[in-house]
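Topology and contacts: notes
Below, each chain spelled out in residue letters.
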2 protein chains.
Amino acid sequence: MAAPAPNTQQEMRRRNLARVLHAVADGGPQSRAAVAARIGLTRTAVSTLVDELLGVGLLVELGPGRSGAVGRPGTALALSDGGPCGIGAEIGVDHLAVCAVDLRGEVRARTAMDAANRDSDPGPVLERLAGLVGEVADEARGLGLRPAGLAVAVPGLVARGTTTVVQAPNLGWTDLDLAPRLAEKALGGGALTGGGSGNGGDSGGVGAGGTAVCSIDNEANLGALAELWLGGHTPPPDDFVHVSAEIGIGAAIVVDGELLRGTRGFAGELGHVPVRPEGRPCACGGIGCLEQYAGEEAVLRAAGLDPRATAAGHPGPGARIDLLATRAEGGDRAVLGALAEAGSALGTALTGAVNLLDPQTVVLGGALARLAPWLLPSLEHELGRRLAGPPPVSVSRLGADGPLLGAAHSVVRAVLDDPLAHRA
Amino acid sequence: MAAPAPNTQQEMRRRNLARVLHAVADGGPQSRAAVAARIGLTRTAVSTLVDELLGVGLLVELGPGRSGAVGRPGTALALSDGGPCGIGAEIGVDHLAVCAVDLRGEVRARTAMDAANRDSDPGPVLERLAGLVGEVADEARGLGLRPAGLAVAVPGLVARGTTTVVQAPNLGWTDLDLAPRLAEKALGGGALTGGGSGNGGDSGGVGAGGTAVCSIDNEANLGALAELWLGGHTPPPDDFVHVSAEIGIGAAIVVDGELLRGTRGFAGELGHVPVRPEGRPCACGGIGCLEQYAGEEAVLRAAGLDPRATAAGHPGPGARIDLLATRAEGGDRAVLGALAEAGSALGTALTGAVNLLDPQTVVLGGALARLAPWLLPSLEHELGRRLAGPPPVSVSRLGADGPLLGAAHSVVRAVLDDPLAHRA
């Protein structure tokens, strides 16, 4: 998230520190001169900024022989592998996961557990999550890292600028502020201290003043941000629709390189776009919503399978998606037909989204990435018969890892965006 | 459009000059102290900026007794009523219109003519428009104003950041760069000189360096900007979907106070969202598009009227809309039924848009404002049966004037956004 435009010298300096860090993050290890050229400031100005960032341990100088072709040996600047790190967490319907990512974007610690979170009491779920956060934070500290904040991906609607889950239908949670509960359980004891900080606020997900904080965001939003930051696109697309699935259909919209959140924070509800306007009633109260034709349970039902079934040998998270993929690979006609129908419904909903948003590309992520081989033909056929110039549809390389990685990276981005707020 | 974030002292000064002008534009005549309080700079800093803006004739000091309650008498600052002005123009299917708006936002000169622009040769149309632009610019100069640029609203898709109409189906124009043609005809002789400047670029619609230029934009986009700037909402909504109509259905999406343009500049094509996915084929190549159920011609056909008919005594622009409104007022059952059907189709398409965008509000503008009494009941019923918390739907006070006023105001906004580029 871009920092607000500066109006004073002090704000301009903060912003230029961020620009130096982002230059090194985007371009890899490089000399002061290369940074100066990249961001359009003088070498003198950049040297002052670099000294400050070296002083607070966000940048390091690589020793002789390690800097490669960039600048004179011994002078290449790199992001620290021992400074602040971001802790990302994911509350799935079937699992919990936590990871730590350093400033360079590398995953340094990671853990996960199967969990039955459907229609659950939030207390014990958050307690288990807090335990995992504590483990990963300890492991990160053991590696010389300093957890700078926690971001949590949830399968539900999160009120914009807050840490409150308004509705997570599959968890059965409504109007629940996660930050105080997690702050008490996971953040109170260690370096992760402080209150909650809203998602998508103007100041980024992590608060100022060196206080590590907790942000909560929708999993589809964090999956889309992961795609933007880590999707391996060069250059990253400025405008795309990212469609993912766990139980429902989630989507997130990136416009001009930023997440479109909507007034309440509820944008991206592709799953409730009407695709059969007088079709099946939906749990949301609507009629003929996409989720009724392309959601995981709808596809399982259409394939004649029990929505609670899993493939033998595929327990745990993603079990039902594995079941569908395994059967599709085996040529199961009912499953292939159900996935083709789902692809077609996705194509109809995406036709509306493309007409409204004119994105550069559509990305299938999350569980849909795994099922893409069987969804894409009918999806692309549908776009082709409805749109004069349909955008390309690509498949995320991050797959189901997107939301977790996006969560951890959102903390790292907040450090890069406002480095002085995250001094040791 | 917000100026890019400044990185140097010089850019910061330009930006602060713009902030002073916007403070006066938003708050009306006020003292230096009030400006300083509003934008959070010191009185000394503001005085320096104000002196510069007085010097170049963008601000004036109101004489004693005119400043009212704001500051000491004689010291209130106001936007000049004699400085730069924006020229707005509209190419409709049935008419041409041009107006001049001063820095204070007041229309100072205005003209219009009926025209048969459907499936037209662009040359004569642009020649006629150029004549009107010349008349209005001369009239503005006679009032002591200085035309700072021309912005033209067209009923078609305009490539983002360019002055090229990619497709205007009802005019029959494709891939046509309007700027050189208008520059030659309307802008070459007078104060309106210089080449074209793209819409929606990062630098606003009017070029730098004191050169007046020409920008071209989609009418729905300019109608939405007019709603944002002039709609009389306090405060203006940050996020809304603006739906309008001339022959087709146009829409524009405002997010965080900015127009969402899309990768190619084609966002907002609500008219081609599928609402009856296996319904009527559309001229766009799609199937069951909203325009086939709520477009002007579709409604006329559904009411059993000739799409080329007009109400007796209502020739000229808006004639077919007048016909529908007159008959609806008279209780014509076929027309009432057709409008109810159109409202319902609009509601289905807007359900998708609301799910994707989570807007604060939906605004019916352009011709739809006139028809709102008969569209709204079924539209709101449809939103109500499909959405748990539908956003309010309001009716624009600007009506069919929106695109023309939005065009002229876009030039004025560009002056306010970068005052030094528009010195005499």
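Residues numbered from 1 in each chain as written. Chains lettered and ligands numbered in written order. Predicted model: local features only at pLDDT ≥ 70, side-chain atom pairs only at ≥ 80, totals over all residues. Heavy atoms only, no water.

**Some points on the overall build of chain A**
Put simply, the test is: Helical segments are the DSSP runs of H or I of at least four residues, strand segments are the runs of E of at least two, and each set is numbered from the N terminus. Burial classes: relative accessible area under 20% of the type maximum marks a residue as buried, over 50% as exposed, and values in between as partly exposed (1.4 Å probe, protein chains only). Where accessible areas are quoted, they stem from the Shrake-Rupley method and a 1.4 Å probe; at the residue level, only the protein chains shown are allowed to cover.
Each helix and strand counted, chain A has 12 helices and 15 strands in total. Counting the 424 residues in chain A, one finds 58% classified as buried. For chain A, the accessible surface area stands at approximately 15,400 Å², while carbon and sulfur atoms represent 51% of it.

**Structural notes on the sheet that holds strand β3 (residues 84–91) of chain B**
Residues and elements named next belong to chain B. So the rule is basically this: Here, strands pair whenever DSSP counts at least two bridges between them. To get an axis, fit a line to the C-alpha atoms, keeping to the stretch in contact for a helix; angles then go from 0 to 180 degrees between the N-to-C directions. Here a residue-residue contact requires only that any non-hydrogen atoms of the pair lie within 4.5 Å.
Here 5 strands make up an open sheet; going across it, the order is β5-β4-β3-β6-β10 and the pairing mixed. Among the strands making up the open sheet, the edge pair consists of β5 (107–114) and β10 (213–218). Going across the sheet, the axis of each strand differs from the next one's by a mean of 15°, ignoring polarity. The pairing of β3 with strand β4 (residues 95–102) spans 7 bridges and is antiparallel. Its bridge partner being in β4, Ile87 is matched across the sheet by Ala100. Against the sheet, helix α4 (residues 122–142) makes contact with β3, β4, β5 and β6 (146–154), and its axis sits at roughly 25° relative to β4, the strand it touches most. Contacting β3, β4, β5 and β6, helix α12 (residues 402–417) crosses the sheet at an angle of about 150° to β3.

**Re the packing of helix α10 (residues 333–357) of chain B against helix α11 (residues 367–386) of chain B**
Angle between the axes and distance between the axes are the two parameters that describe a pair of packed helices. Residues and elements named next belong to chain B. Let me state the cut-off plainly: These descriptions rest on fixed angle ranges, namely under 35 degrees for roughly parallel, over 145 for roughly antiparallel, 65 to 115 for roughly perpendicular, and the rest for oblique. Two helices crossing with the near one rotated counterclockwise from the far one by less than a right angle form a left-handed crossing, whereas a clockwise rotation gives a right-handed crossing. Three residue categories are used. Nonpolar comprises Ala, Val, Leu, Ile, Met, Phe, Trp, Tyr, Cys and Pro, charged comprises Asp, Glu, Lys and Arg, and polar comprises the others, including Gly.
Contact geometry of α10 with α11 gives a least axis separation of 7 Å together with a crossing angle of 40°. By the angle class used here, α10 and α11 are oblique. Remark: the crossing between α10 and α11 carries right-handed chirality. Contacts from Leu336, Leu339, Ala340, Ala342, Gly343, Ser344, Leu346, Gly347, Thr348, Leu350 and Thr351 of α10 reach α11 at Leu371, Trp374, Leu375, Ser378, Leu379, Glu382, Leu383 and Arg386. Taken together, the residues that form the contact of α10 with α11 break down as 11 nonpolar, 6 polar and 2 charged.

**Some thoughts on the sheet that holds strand β14 (residues 361–364) of chain B**
Residue and element names in this part refer to chain B. Strands sit in the order β13-β12-β11-β14-β15 across an open sheet of 5 strands; the sheet is mixed. The two strands at the open ends of the sheet, each matched to only one other strand, are β13 (258–259) and β15 (393–395). Contacting β11 (240–245), β12 (249–255), β13 and β14, helix α6 (residues 219–230) crosses the sheet at an angle of about 125° to β11. Packed on one face of the sheet, α11 meets β11, β14 and β15 and runs near 170° to β15.

**Re the pattern of salt bridges**
Residues and elements named next belong to chain A. Rules: When a carboxyl oxygen of Asp or Glu lies within 4 Å of a side-chain nitrogen of Lys or Arg, that pair is called a salt bridge.
Tallied over the full model, the rule gives 44 salt bridges over all chains. One salt bridge connects Arg32 with Asp51, and the closest N-O pair in it is separated by 3.9 Å. Linking Arg32 in helix α2 (residues 32–39) with Asp51 in helix α3 (residues 43–55), this pair joins segments that are 19 residues apart in sequence. Residue classification places Arg32 among the buried positions, given a relative accessible area of 16%. For Asp51, a relative accessible area of 46% translates into the label partly exposed. When the shortest N-O distance is used, the salt bridge between Asp217 and Arg261 registers 2.8 Å. Taken together, the positions of Asp217 in strand β10 (residues 213–218) and Arg261 in the loop between β13 (258–259) and α7 (291–294) put the pair 44 residues apart, joining distant regions of the chain.

**Structural notes on the interface of chain B and chain A**
This is how the line gets drawn: Two parts placed together each lose some accessible area under a 1.4 Å probe, and the buried area is that loss summed for both. What qualifies as a polar contact is a pair of N or O atoms within 3.5 Å, subject to a donor-acceptor requirement within protein and to the restriction that residues adjacent in sequence count only when both atoms come from side chains.
Counting residues at the interface gives 51 residues for chain B and 51 residues for chain A. Both faces combined, the contact of chain B with chain A buries some 3,900 Å², and carbon together with sulfur accounts for 50% of it. The interface formed by chain B and chain A includes 8 salt bridges. The tally of links from chain B across to chain A stands at 30 residue pairs in polar contact (both at pLDDT 80 or more). Examining the composition of the side of chain B that touches chain A, we find that 7 residues originate from one element, α10(B), more than from any other. For the side of chain B that touches chain A, a count of residues per class yields 21 nonpolar, 17 polar and 13 charged.

**Some details on the packing of aromatic side chains**
Each aromatic ring pair is described using two quantities: the centre-to-centre distance and the angle formed by the ring planes. Worth spelling out the cut-off: Stacked, edge-to-face and tilted labels apply to pairs of Phe, Tyr and Trp rings (six-membered ring for Trp) whose centres lie within 6.5 Å, assigned for plane angles under 30 degrees, over 60, and everything in between, in that order. Whether a charge sits over a ring comes down to the Lys NZ or Arg CZ being within 6 Å of the ring centre and within 35 degrees of the ring normal.
One pass over the full model with this rule turns up 0 aromatic pairs over all chains. One Lys or Arg, A:Arg276, reaches over the ring of A:Tyr293 and ends 5.4 Å from the middle of that ring.

**Concerning unusual backbone geometry**
Although it is not a glycine, A:Asp119 sits at a positive phi angle of roughly 45°. Tracing the chain through its elements places A:Asp119 in the loop between β5 (107–114) and α4 (122–142). Of the residues examined, A:Asp119 reaches a relative accessible area of 59% and is grouped as exposed. The backbone of B:Asp256 sits at a positive phi, close to 50°, despite the residue not being glycine. Assignment of secondary structure puts B:Asp256 in the loop between β12 and β13.

**Brief notes about the relation of the copies chain B and chain A**
Applied cut-off: To line up the copies, we fit them by least squares on C-alpha atoms, keeping just the residues with pLDDT of at least 70 in both.
When chain B is fitted to chain A, the best match, at an RMSD of 0.0 Å, comes from turning it 180° and sliding it 0.0 Å along the axis. Here the transformation between the copies is reduced to the relation of a two-fold axis. Comparing contact sets, 100% of the residues at the interface of chain B also lie at the interface in chain A, consistent with an isologous, same-surface contact.

**Some details on the nonpolar core**
To keep it simple, the criterion reads: By convention a nonpolar core is built from buried Ala, Val, Leu, Ile, Met, Phe, Trp, Tyr and Cys residues, the set being connected through side-chain atoms within 4.5 Å.
Core analysis: the biggest nonpolar cluster contains 98 residues, and A:Val243, A:Leu270, B:Val243 and B:Leu270 have the highest contact counts within it. Those residues within four positions of B:Leu270 in sequence are excluded, and the remaining contacts are A:Leu356, B:Val243, B:Ile249, B:Ala251, B:Leu290, B:Leu346, B:Ala349, B:Leu350 and B:Ala353.

**Topic: the pairing of strand β9 (residues 173–177) of chain A**
All names here are of chain A. By the bridge criterion, 4 bridges tie strand β8 (residues 164–168) to β9 in an arrangement that is antiparallel. Bridging from a neighbouring strand, Thr164 pairs with Asp177 of β9. Remark: 4 residues form the turn of the hairpin made by β8 and β9, two consecutive strands paired antiparallel; Gly172 in that turn has positive phi of roughly 80°.

**Quick word on helix α9 (residues 319–329) of chain A**
Residue and element names in this part refer to chain A. α9 sits mainly inside the fold: 8 of its 11 residues count as buried. All buried positions along α9 are accounted for by Ala319, Arg320, Ile321, Asp322, Leu323, Leu324, Ala325 and Ala328. One or two residues past the end of α9 sits Gly331, with phi positive at roughly 85°.

**Description of the side chain of A:Glu219**
Mapped onto the fold, A:Glu219 is located in helix α6 (residues 219–230). If we skip the residues at most four places from it in the chain, A:Glu219 touches A:Glu90, A:Ala153, A:Val154, A:Pro155, A:Glu246 and A:Pro403.

**Remarks on the packing of helix α1 (residues 9–27) of chain A against α3(A)**
Residues and elements named next belong to chain A. Two elements in contact, α1 and α3, have axes whose closest approach is 10 Å; the angle formed by their N-to-C orientations is 80°. With respect to their mutual orientation, α1 and α3 come out roughly perpendicular. Between α1, through Arg13, Asn16, Leu17, Val20 and Leu21, and α3, the contact on the second element is made entirely by Leu49, Val50, Glu52 and Leu53.

**What about the confidence of the model for chain A?**
Residue and element names in this part refer to chain A. So the rule is basically this: Note: pLDDT gives the predictor's confidence per residue, expressed from 0 to 100.
Here chain A averages 87 in pLDDT, while 86% of its residues score no lower than 70. The element-level mean pLDDT for chain A is lowest in helix α5 (residues 178–187), coming to 77, with helix α10 (residues 333–357) highest at 98. Counting contacts from residues 201–211, a segment whose pLDDT is below 50, to residues more than four positions away or on other chains yields 30 contacts.

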